[in-house]
Amino acid sequence: MEDTMKAVLIDKPTKGADVTLSEVPVPQARPGWVLVKIKAFGMNHSEEILREFEIENDYIRKPVIPGIECVGEIADPSDSGLAKGQKVVSLMGGMGRSFNGSYAEYALLPIHHVFPVESNLSWEEMGAMPETYFTAWGSLFQCLRLQPEDRLLIRGATCALGYVAIQLAKALGCRVIGTTHRESKMQLLRDAGCDECLLDDRSLRGRVHGVTKALDLVGIRTVQDTMLSVEQGGIVCNTGVLGKVYEWNHFDPIKDIPNGVCLTGFYSNDPTTEMMQDIYHFMDAHHLRPLIGRVYDFKDIREACIALDEGRINGKIVVRVGN
């Protein structure tokens, strides 16, 4: 195994155009941690947030290798009980913030956030799944308790998470209403399988009917209007922050949550082996393949970060690492 590896290191606010690869030592496995040879990783909005401003917070380990998910093979199993060469996925749990993440050729990861998987998908397809599919799965089934008879509203549906939520909900048998604030992306919603597509002007009240469940990926900027757009007894899950408003000032739950509507949110920091296995089983059972916007080679990570910052890729951005 190599002594050094390529990785992205940041210690201050960094635009995608300023991202570079550095040569750093390959980390050494230790008890409670395994060394993973990374094959691919997906890119996420939270990594853009880290680079834009979160890096300045004291709780971020600096310098840090970003990246909150990856797929790969066990290079050194340490005391995990996993086998060298075994396929694994890893996500969240402080990855890319409290400890170094996946924008690298190897990652040293805590055993409790490394999950063995069996899959016939390519590394790139596997790399598109962990965080986005886990978040969509948890939002739809754990928080919204989605059923085939539901009429689901997905607000901000043309992001990578939105596309996955559409795919999973349609596979379950739901009717899906998708929104976007860009006229140019309306056809993308139709192509993704939405039964109804709406241009979002921040007010959907009175424009949608019969909605029993709603997934709001825009966030605080729209979630109150979303709650006013569902039927009594409906559930709203706020998962995304595409609107870049992160706190709800002067929130009064008695007045701001409509009578008979439930508001919840999905925090994707606690994946489990069971949930990850359920996701892969669902994909196999419904003959689904993960949705990928574009694949970049690791040497082109700067271009991938620029694309993430600009939001110009329709779907998940995946980075291929090595062979």
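Please read all numbers here as calculations on a predicted model, not as lab measurements. (Residues numbered from 1 in each chain as written. Predicted model: local features only at pLDDT ≥ 70, side-chain atom pairs only at ≥ 80, totals over all residues. Heavy atoms only, no water.)

Draft legend 1. Quick peek at the packing of aromatic side chains. In the structure shown here, the tally under the stated rule is 8 aromatic pairs. Relative to phenylalanine 266, the ring of phenylalanine 134 lies with its centre 5.5 Å away and its plane at 65°, an arrangement referred to as edge-to-face. Pair noted here: phenylalanine 134 is in helix H3 (residues 130–143) and phenylalanine 266 is in the loop between strand E13 (262–265) and helix H8 (273–285), with a separation of 132 residues, a long-range link. Overall, the relative accessible area of 1% leaves phenylalanine 134 in the buried class. Take phenylalanine 266: its relative accessible area is 11%, and that puts it in the buried class. Where tryptophan 137 meets phenylalanine 282, the ring centres are 5.3 Å apart and the plane angle is 75°; that geometry is what we call edge-to-face. Here tryptophan 137 is found in helix H3, whereas its partner phenylalanine 282 is found in helix H8, with 145 residues between them in sequence. When its relative accessible area of 13% is taken as the criterion, tryptophan 137 is described as buried. We classify phenylalanine 282 as buried; its relative accessible area is 9%. Members of the aromatic cluster, connected to one another through ring pairs, are Phe41, Tyr103 and Phe298. (Phe/Tyr/Trp six-rings, centres within 6.5 Å; stacked < 30°, edge-to-face > 60°. Helix = DSSP H or I, 4+ residues; strand = E, 2+ residues; numbered from the N terminus. Buried < 20%, exposed > 50% of the residue type's maximum accessible area, 1.4 Å probe, protein only.)

Draft legend 2. Representation of the packing of helix H1 (residues 45–52) against helix H9 (residues 301–310) within the structure. Between H1 and H9, whose axes approach to 10 Å, the crossing angle comes to 95°. Relative to H9, the element H1 lies roughly perpendicular. Where H1 abuts H9, its residues His45, Glu48 and Arg51 lie against Cys305, Leu308 and Asp309. Of the residues in the contact of H1 with H9, the class split is 2 nonpolar, 1 polar and 3 charged. (Axes fitted to C-alpha atoms, helices over the stretch in contact; angles between N-to-C directions. Parallel < 35°, antiparallel > 145°, perpendicular 65-115°, else oblique. Contact = heavy atoms within 4.5 Å. Nonpolar A, V, L, I, M, F, W, Y, C, P; charged D, E, K, R; others polar.)

Draft legend 3. Main features of the environment of glutamate 183. Positionally, glutamate 183 belongs in the loop between strand E9 (175–180) and helix H5 (186–192). Judged by relative accessible area, glutamate 183 falls into the exposed class, the value being 57%. For the pair glutamate 183 and valine 236, spaced 53 residues apart in sequence, the C-alpha to C-alpha distance is 25 Å.

Draft legend 4. Molecular detail of the sheet that holds E13. One open sheet holds the 6 strands; their spatial order is E10-E9-E8-E11-E12-E13, and the pairing between them is parallel. At either end of the open sheet lies a strand with only one pairing partner, and these are strand E10 (196–199) and E13. The average undirected angle you get between the axes of adjacent strands in this sheet is 20°. Pairing of E9 with E10, which is carried by 4 bridges, proceeds in the parallel orientation. The residue bridging threonine 179 from the neighbouring strand is leucine 198, located in E10. Across the face of the sheet, helix H4 (residues 160–172) comes into contact with strand E8 (151–155), E9 and strand E11 (213–216) while running at roughly 170° to E8. The strands touched by helix H6 (residues 220–227) within the sheet are E8, E11, strand E12 (235–238) and E13, with E12 carrying the most contacts at an inclination of about 175°. (Pairing = 2+ DSSP bridges.)

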